[in-house]
Protein chains: 2
Amino acid sequence: MEAGEASVEADVLNNSTNGASVEETSNIIRRNTPDGFVRHWKTWVVGRPLRTADAPHQTIGKAVGLAVFASDALSSTAYATQEILVILAAAGTLAFGYAFPISIAIVTLLAIVTISYEQTIHAYPGGGGAYIVARDNLGELPAQIAGAALLMDYILTVSVSVSSGVAQIASAYPELLPVRALIAVGMVMVIAWINLRGVRESGFVFAIPTYFFLGTMVLTLILGFFRYLTGSLGMVEAPPHLLQESIQSVSLFLILHAFANGTTALTGVEAISNGITAFKEPRSHNAGVTLIWMSVILGTLFIGLTFLIGQIGAVPSEEETVISQLARTIYDGRNIFYLVAVAATTLILIMAANTAFADFPRLGALQAADGYLPRQLTYKGSRLVYSRGVMTLAIIASLLILVFNASVSRLIPLYAIGVFMSFTLSQTGMAIRWRKIGGLKPSEELKETGSTLRHDPKWRFKMLVNGFGGLSTAVVMVIFAVTKFTEGAWVILLIIPTLVTIFFKIHNHYKNLAHALTLENYVPPANGITKSRVIIPVATVHRGTIAAIRYAKSISENVVGVHVGLNPEDYQKVEDKWKIWGEGLPLVILESPYRQLYTPILSYIKELETQKSPNEIITVVIPEFITRRWWEKWLHWHTADLLRKLFVEQPGVVIVEVPYQVE
Amino acid sequence: MEAGEASVEADVLNNSTNGASVEETSNIIRRNTPDGFVRHWKTWVVGRPLRTADAPHQTIGKAVGLAVFASDALSSTAYATQEILVILAAAGTLAFGYAFPISIAIVTLLAIVTISYEQTIHAYPGGGGAYIVARDNLGELPAQIAGAALLMDYILTVSVSVSSGVAQIASAYPELLPVRALIAVGMVMVIAWINLRGVRESGFVFAIPTYFFLGTMVLTLILGFFRYLTGSLGMVEAPPHLLQESIQSVSLFLILHAFANGTTALTGVEAISNGITAFKEPRSHNAGVTLIWMSVILGTLFIGLTFLIGQIGAVPSEEETVISQLARTIYDGRNIFYLVAVAATTLILIMAANTAFADFPRLGALQAADGYLPRQLTYKGSRLVYSRGVMTLAIIASLLILVFNASVSRLIPLYAIGVFMSFTLSQTGMAIRWRKIGGLKPSEELKETGSTLRHDPKWRFKMLVNGFGGLSTAVVMVIFAVTKFTEGAWVILLIIPTLVTIFFKIHNHYKNLAHALTLENYVPPANGITKSRVIIPVATVHRGTIAAIRYAKSISENVVGVHVGLNPEDYQKVEDKWKIWGEGLPLVILESPYRQLYTPILSYIKELETQKSPNEIITVVIPEFITRRWWEKWLHWHTADLLRKLFVEQPGVVIVEVPYQVE
């Protein structure tokens, strides 16, 4: 260490005594900042900053876990039946009878997926989302496909859930129908804001709406079945207008289409496998049991609701949801019980959107850490939240809501393909993993990123389970893509490959950049910088110019002013002032007959470059006055900014800004 | 001149031999750039750059002058009658009979304004727009009011004229009605594009549409009157639906309202007074004669059209203009003659919009030169056009068209108040000018910015003429404001004061800034800069960092690296690399428990500032890698940008960017 540097360090040590602790290792000085945050308008909006060390570590039990992770899945019962009926309506109200058998098929699929995911949970105690499972077992391309599919679907979860929530409210208060898109966007913004403040997922608060919904729905079903069995249920009074008239006969295509729409009931089932680490030990066991409970409840609710909705002759409509029709039939009108049921449904739907707000940024950060999304997504904001992810999700979901005017039926064709794509990739990945395990000797272990592979005598059976799960969801995905293709599914089938292409473009960029910047085997240029030629672009000569001249003289012997002359009257003035204030430095006037402001300087610099010696560097010293108020900058050429943008592209040019603060 | 600087100059002289001529006066070097422009996509869009010296100097005679400047005024006949009828329709079709007397009153007003403006033209041979006349005779506030009123009205001229042009087209091709706003915006864009390429106002090409319109209209009127006198004119066949049913009786308010709507016929009369310099000598005389000719033609057309429109029982409508109804009645159906008449009307309306595209940027540049609008508006682009003004006008006019769905009747309430406000200010200014002249002795002269005041024996009469003109237009303006207040005129009455306030805010900013930056009586700080403390913010250590370290060492002995440490694992890596590559410089780790990236550096710098000596300056050397493709910058923190924005606000801190271009 040389004398000059040692003194800097001593200085640094001197001023760091006021409250900050200092730690020294050789020429490295560590200082912590005692009060590192500045109070700011943001503090009022998103709350006091949290220390990195404040990250929550508490874990949750099965009952709370069910509440936290089930809201997305359970909320699907609020729209899945309706979306089956919407399709069947094309063949007339008689076709509504197919809804119940279709719901049985969907619940069977649910059982398959549940068993399959239960195995994933045990294999990946550290969290086994489709992205991780695909990455570890299938490779980068399938992982990125899963990532793209899931990101898309989280966005749609927000749009669909919030739109459905608003549809429930509008069923009770039809006067809100015209402004439903605005209400939905407002809700998204509120949820985003809550998430920017940071939500403790494990919070007890989350349990309330889920159990409130569960209690209300169970009560509604029990009362409904009681009235059905006693014959006092009756038909829905004053049903809303049917969405469309009977125009076609019942076909296999129609049934499959209705089935595909209904499988939206399965969205959210994967939530627990993402969040295993939140559970108390033995966490895989607890998470697995919670998953099974969740599926049982989901299946029961879905079948029960579909059955009763069929019995009362409810009609799918944009004006009133079938859940609302069922509730007012069972409770005999729009009374307080009815309102409670509608409120509970709305609440759970909003909770479901909230789940996506937890998952989307987390997955984004995972992909960003792997270098497939912009690095900025890995940064946790002042409240320990991936704030950029939260905002991205809020904006895209809001745009979707506005474009589709908050219509669930119009959003549904886009939805759930991503979920089933990720189901398929995740289960296929698991099947391949079991095959790898099958090749292991009894005592052998294989460490992977997300999990450890250990011998398992039942690997063959488990492989079949996951394989069958994967196959089933793949078939559903194809049914989805085919039956909903013209309705909008093609958009998703275009977007996913596009996203994957973008992800790999991003990945290549980071790889190439790392390669271009790495210091491994780097031999820096032999000749150091010993001299600097300085040019000062001068628009007019003012106090800021003098500050720049002085700074330039302090770093180089070789300084020249440069003025782009648009017309002789103007540059005569600059010349006159320079003669007085230029401290004897030369001034070059670049005449610009085409009134270009920057290219003359650029070509002048290029000319200088051709004749500088290798140890010389060109420095552009830009005088800049800084105005106080934000709007004042619109009243000036942003010369300094534009010059910077021009010169950073020039190799061997360094840019110096000498700001002059205007009082 | 010292040795170091002399050598720079010698260098400069050496490299400037390749084609560029060099002129030297003391230490000032002038160079002209032989081929100063770079071929660029812009060249294809707006054309080859033009030299400042290429500005056109040719002047025009009366016949071409009439064509160039009359399009705006004459085009108003395309909608003025219709807008009178729209108001009268409120009292039923019988009230349409009032249209003709109203048109007589309007033409009387036209005569007053014409005589008044004729005097202005002689007084201001250098161009006597309302802004200049008000500024020279009434002061800054009235001038800025006139400026605001005129800018508003140029915008409305574009919106109204283009909307009316599209309404003519849609009258002939009703299937275009639903997309009329889009067509109108498209037209505005085309006109803006033509103006960005630069239009030679004095061009002969401009004469064609005006004389085509004039010829067609005169023919239509002659044939119309012939058929009227021979009794073969008849009524309009299949008139469109009336805009509104009869709901009120004829009242004075209604008549005044209709009159106010009709005075839109006078918009554009001021055009010649703005463009006097374009005329051949004796230019005031030629311009004056042209103005009178224009008014006579305008008055004749307007009265003639209004009379015939009344005779055929035309009905004002959004579907078909009354001009279209008249043309198809006179020409017996939608034949080729009809189409020619409609085409001529459309063309002249588009020419009128084009006039506003010449006037708006010119007025904007005038106000900007006086310091009431952003200076950038004074800059002529590569095609010698005030391009920012052109784009501003195009954008605002397009927005208006979209908001009002290209409906002339809905735009009209906003229109013409500004014109009459500027008429009033201009004529009042002239009257005051005559009073000043009345105080002059026969041989005395008084130089003002825009004109010279000379004794005139007839000053009293001329003062009365202008005074009466100003009074008349003031009365019309009040009628306007009152009768159209609730329809939308209140918007204008709010916007104009707001604009004027903004103009003065801008003016104050420029004044204060000039005061803060002036070198008059400036005593620069006594102590020069002799030392620099350099800090290098280090995010990661890469090749770009090494370039920055080297540069920093070349300008100072006192260099320290600074790293904001978010978590120990990460900053350990930075420390390890720094030990190898840091060239022995100290590195300060600023621990940031709240994950803030910039505030720790900022407070570190503030700390350094408190203890630096007066001749020392703090320099922040920012390493920055520059990626090749535009989208790649989205994949990185814009650390360099953000740090710059932070540090330019800090007095006594200089920012150095050392770019490292990634291959």
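Please read these numbers as outputs of a predicted model, since none were measured by experiment.

(A) The environment of B:E270, seen in detail. Residues and elements named next belong to chain B. Inspection of the secondary structure puts E270 in the loop between α10 (252-262) and α11 (271-274). Classification of E270 as buried rests on a relative accessible area of 6%. The spacing of E270 and Y117 is 153 residues in sequence and 7.4 Å in space, taken between C-alpha atoms. Setting aside anything within four residues of it in sequence, one finds E270 in contact with Y117, Y154 and F423.

(B) Structural context of the interface of chain B and chain A. Each side of the interface is counted separately: chain B has 122 residues, and chain A has 123 residues. When the buried surface of chain B facing chain A is broken down by residue, B:R543, B:Y594 and B:R595 rank first, second and third, together holding 8% of it. Between chain B and chain A we count four salt bridges in total. Linking A:R644 and B:E657 is a salt bridge whose minimum nitrogen-to-oxygen distance equals 2.4 Å. At the surface where chain B touches chain A, the tally comes to 18 residue pairs in polar contact (both at pLDDT 80 or more). The element best represented in the side of chain B that touches chain A is strand β9 (residues 653-661) of chain B, accounting for nine residues. Note that strand β9 (residues 653-661) of chain A and β9(B) share three bridges and pair antiparallel. Looking at the pairing, A:V656 lines up with B:V656 of β9(B).

(C) Structural detail: the pairing of strand β8 (residues 616-626) of chain B. Residues and elements named next belong to chain B. Across the eleven residues that make up β8, a large majority, ten, are buried. Taken together, the five bridges between strand β5 (residues 531-537) and β8 define a ladder with parallel strand orientation. Each bridged residue has a counterpart across the sheet, and for S532 the counterpart in β8 is I617. Running through helix α23 (residues 639-647), the crossover from β8 to the neighbouring parallel element β9 is right-handed.

(D) Structural view of the domain arrangement of chain A. As far as domains go, chain A holds domain 1 (1-33), domain 2 (62-510) and domain 3 (531-661). Taking only C-alpha atoms, the centre of domain 1 of chain A and the centre of domain 2 of chain A are 54 Å apart.

(E) Here's a closer look at the packing of aromatic side chains. Residue and element names in this part refer to chain A. Tallied over the entire structure, the rule returns 20 aromatic pairs over all chains. Relative to F307, the ring of F100 has its centre 5.3 Å away and its plane inclined at 65 degrees; by these criteria the two rings are edge-to-face. In this pair, F100 is assigned in helix α5 (residues 99-123) and F307 in helix α12 (residues 283-311), connecting sequence segments 207 residues apart. Relative accessible area serves as the criterion here: at 30%, F100 is assigned to the partly exposed category. Looking at F307, the relative accessible area reads 18%, which means it is buried. Three or more aromatic residues joined by ring pairs form one cluster here, namely F100, F225, Y228 and F307. Geometry around Y510 places R375 over its ring, the cationic atom sitting 4.2 Å from the centre.

(F) View of the nonpolar core. Counting residues in each nonpolar core, the largest one holds 151 residues, and the members touching the most others are B:L88, B:V158, B:V162, B:F357 and B:F420. With 15 residues, helix α7 (residues 140-172) of chain B is the single largest residue contributor to this core. Those residues in contact with B:F357, other than ones at most four positions away along the chain, are B:V158, B:V188, B:I191, B:A192, B:N195, B:V390, B:L393 and B:A394. Formed by 150 residues, the second largest nonpolar core is a distinct cluster that contains A:V68, A:Y131, A:I191 and A:F307.

(G) Highlighting unusual backbone geometry. Residues and elements named next belong to chain A. Here E281 and P282 are connected by a cis peptide whose omega angle stands at -5 degrees. Of note, the phi angle at D332 is positive, near 60 degrees, even though the residue is not glycine. On the secondary structure map, D332 appears in the loop between α13 (322-330) and α14 (336-369). Among the residues examined, D332 registers a relative accessible area of 57% and is labelled exposed. Positioned with a positive phi, A416 is a non-glycine residue whose angle comes to about 80 degrees.

(H) The arrangement of the environment of A:L363 in detail. Residues and elements named next belong to chain A. Along the polypeptide, L363 turns up in helix α14. For L363, a relative accessible area of 7% corresponds to the buried category. Sequence spacing of L363 and G129 is 234 residues, and the spatial spacing of their C-alpha atoms is 8.9 Å. Setting aside residues no more than four positions away along its own chain, L363 makes contact with Y131, G147, L150, L151 and Y154.

(I) Structural context of the side chain of A:D153. Residues and elements named next belong to chain A. Inspection of the secondary structure assignment puts D153 in helix α7 (residues 140-172). Within the buried set, D153 has no salt-bridge partner at all; the shortest N-O distance to an opposite charge, 9.8 Å, is to K484. In this structure the side chain of D153 is engaged in a polar contact, spanning 3.4 Å, whose partner is the backbone nitrogen of V419. Among residues more than four places away in sequence, those in contact with D153 are Y415, A416, I417, G418 and V419.

(J) Region of the structure containing the pattern of salt bridges. Applying the stated criterion across every chain, the model contains 31 salt bridges over all chains. Residues A:D370 and A:R135 are paired through a salt bridge, measuring 2.6 Å at the closest nitrogen-oxygen approach. In this pair, A:D370 is assigned in the loop between α14 and α15 (387-403) and A:R135 in helix α6 (residues 130-137), connecting sequence segments 235 residues apart. Taking the relative accessible area as the measure of exposure, A:R135 reaches 18% and is therefore buried. We note a salt bridge from A:D641 to B:R644, for which the minimum N-O separation is 2.9 Å. Of the two residues, A:D641 is situated in helix α23 (residues 639-647) and B:R644 in helix α23; the pairing between them involves two chains. Residue classification places A:D641 among the partly exposed positions, given a relative accessible area of 26%. The network of salt bridges with common partners includes A:D641, A:R644, A:E657, B:D641, B:R644 and B:E657.

(K) Fine view of the relation of the copies chain B and chain A. Structural alignment of chain B on chain A gives an RMSD of 0.2 Å, achieved by rotating through 180 degrees and translating 0.1 Å along the axis. In the structure described here, the two chain copies are related by an operation that fits a two-fold rotation axis. For chain B, the residue whose C-alpha comes nearest the rotation axis is B:V656, separated from it by 2.1 Å. The residues that chain B uses at the interface reappear at the interface of chain A in 100% of cases, marking a shared surface.

(L) Region of interest: the pairing of strand β7 (residues 587-591) of chain B. All names here are of chain B. The element β7 is extensively covered by neighbouring structure, given that five of its five residues are classed as buried. Burial along β7 is two-sided: L587, I589 and E591 facing one way and V588 and L590 facing the other are all buried. In this sheet, β7 lies alongside strand β6 (residues 558-565) in parallel orientation, the contact comprising five bridges. Each bridged residue has a counterpart across the sheet, and for G565 the counterpart in β7 is E591. In this fold, β6 hands off to helix α21 (residues 568-581), which returns the chain to β7; that crossover is right-handed.

(M) Representation of the packing of α7(A) against helix α19 (residues 485-517) of chain A within the structure. All names here are of chain A. Packing of α7 against α19 leaves a shortest axis separation of 9 Å and a crossing angle of 125 degrees. Considering their axes alone, α7 and α19 lie oblique with respect to each other. Here α7 runs over α19; the crossing is right-handed. Where α7 approaches α19, its residues E140, L141, Q144, I145, G147, A148, A149, L151, M152 and L156 are matched on the opposing element by I492, I495, I496, L499, V500, F503 and F504. Here the contact of α7 with α19 is built from residues that sort into 14 nonpolar, two polar and one charged.

(N) Structural context of a positive patch on the surface. Side chains of A:K633, A:K645, B:K633 and B:K645 sit close together on the surface and give a patch of like positive charge. The topology assignment puts A:K633 in the loop between β8 (616-626) and α23. Of the residues examined, A:K633 reaches a relative accessible area of 44% and is grouped as partly exposed.

(O) Examining the environment of B:G268 more closely. All names here are of chain B. Considering the arrangement of structural elements, one finds G268 in the loop between α10 and α11. Sequence spacing of G268 and A70 is 198 residues, and the spatial spacing of their C-alpha atoms is 7.4 Å. Ignoring any residue separated from it by four or fewer positions in sequence, one finds G268 in contact with F69, D72, A73 and M294.

(P) Layout of the packing of helix α10 (residues 252-262) of chain A against helix α18 (residues 459-483) of chain A. All names here are of chain A. Viewed as axis vectors pointing N to C, α10 and α18 meet at an angle of 115 degrees, and their least axial separation amounts to 9 Å. Here α10 lies roughly perpendicular to α18, going by the angle between them. For the pair α10 and α18, the crossing hand works out as left-handed. Along the contact surface, α10 presents F253, L256, H257, F259 and A260, while α18 presents V476, I479, F480, V482 and T483. Here the contact of α10 with α18 is composed, by residue class, of eight nonpolar, two polar and no charged.

Parameters and conventions
- Residues numbered from 1 in each chain as written.
- Chains lettered and ligands numbered in written order.
- Predicted model: local features only at pLDDT ≥ 70, side-chain atom pairs only at ≥ 80, totals over all residues.
- Heavy atoms only, no water.
- Helix = DSSP H or I, 4+ residues; strand = E, 2+ residues; numbered from the N terminus.
- Buried < 20%, exposed > 50% of the residue type's maximum accessible area, 1.4 Å probe, protein only.
- Contact = heavy atoms within 4.5 Å.
- Buried area = accessible area lost by both parts, 1.4 Å probe.
- Salt bridge = Lys/Arg side-chain N within 4 Å of Asp/Glu carboxyl O.
- Polar contact = N/O pair within 3.5 Å; in protein donor to acceptor, adjacent residues only side chain to side chain.
- Pairing = 2+ DSSP bridges.
- Right-handed = clockwise from strand over helix to strand, strands pointing away.
- Domains from an automatic or database assignment.
- Phe/Tyr/Trp six-rings, centres within 6.5 Å; stacked < 30°, edge-to-face > 60°.
- Lys NZ or Arg CZ within 6 Å of the ring centre and 35° of its normal.
- Core = buried A, V, L, I, M, F, W, Y, C linked by side-chain atoms within 4.5 Å.
- Lys, Arg positive; Asp, Glu negative; His and termini not counted.
- Least-squares fit on C-alpha atoms with pLDDT ≥ 70 in both.
- Axes fitted to C-alpha atoms, helices over the stretch in contact; angles between N-to-C directions.
- Parallel < 35°, antiparallel > 145°, perpendicular 65-115°, else oblique.
- Left-handed = near helix turned anticlockwise from the far one by under 90°.
- Nonpolar A, V, L, I, M, F, W, Y, C, P; charged D, E, K, R; others polar.
- Patch = residues over 30% accessible without salt bridge, like charges linked within 9 Å, V, L, I, M, F, W, Y side chains within 5 Å.
- Areas by Shrake-Rupley, 256 points an atom, 1.4 Å probe, with all protein chains shown as cover.
- Charge placed at Lys NZ, Arg CZ, Asp CG, Glu CD.

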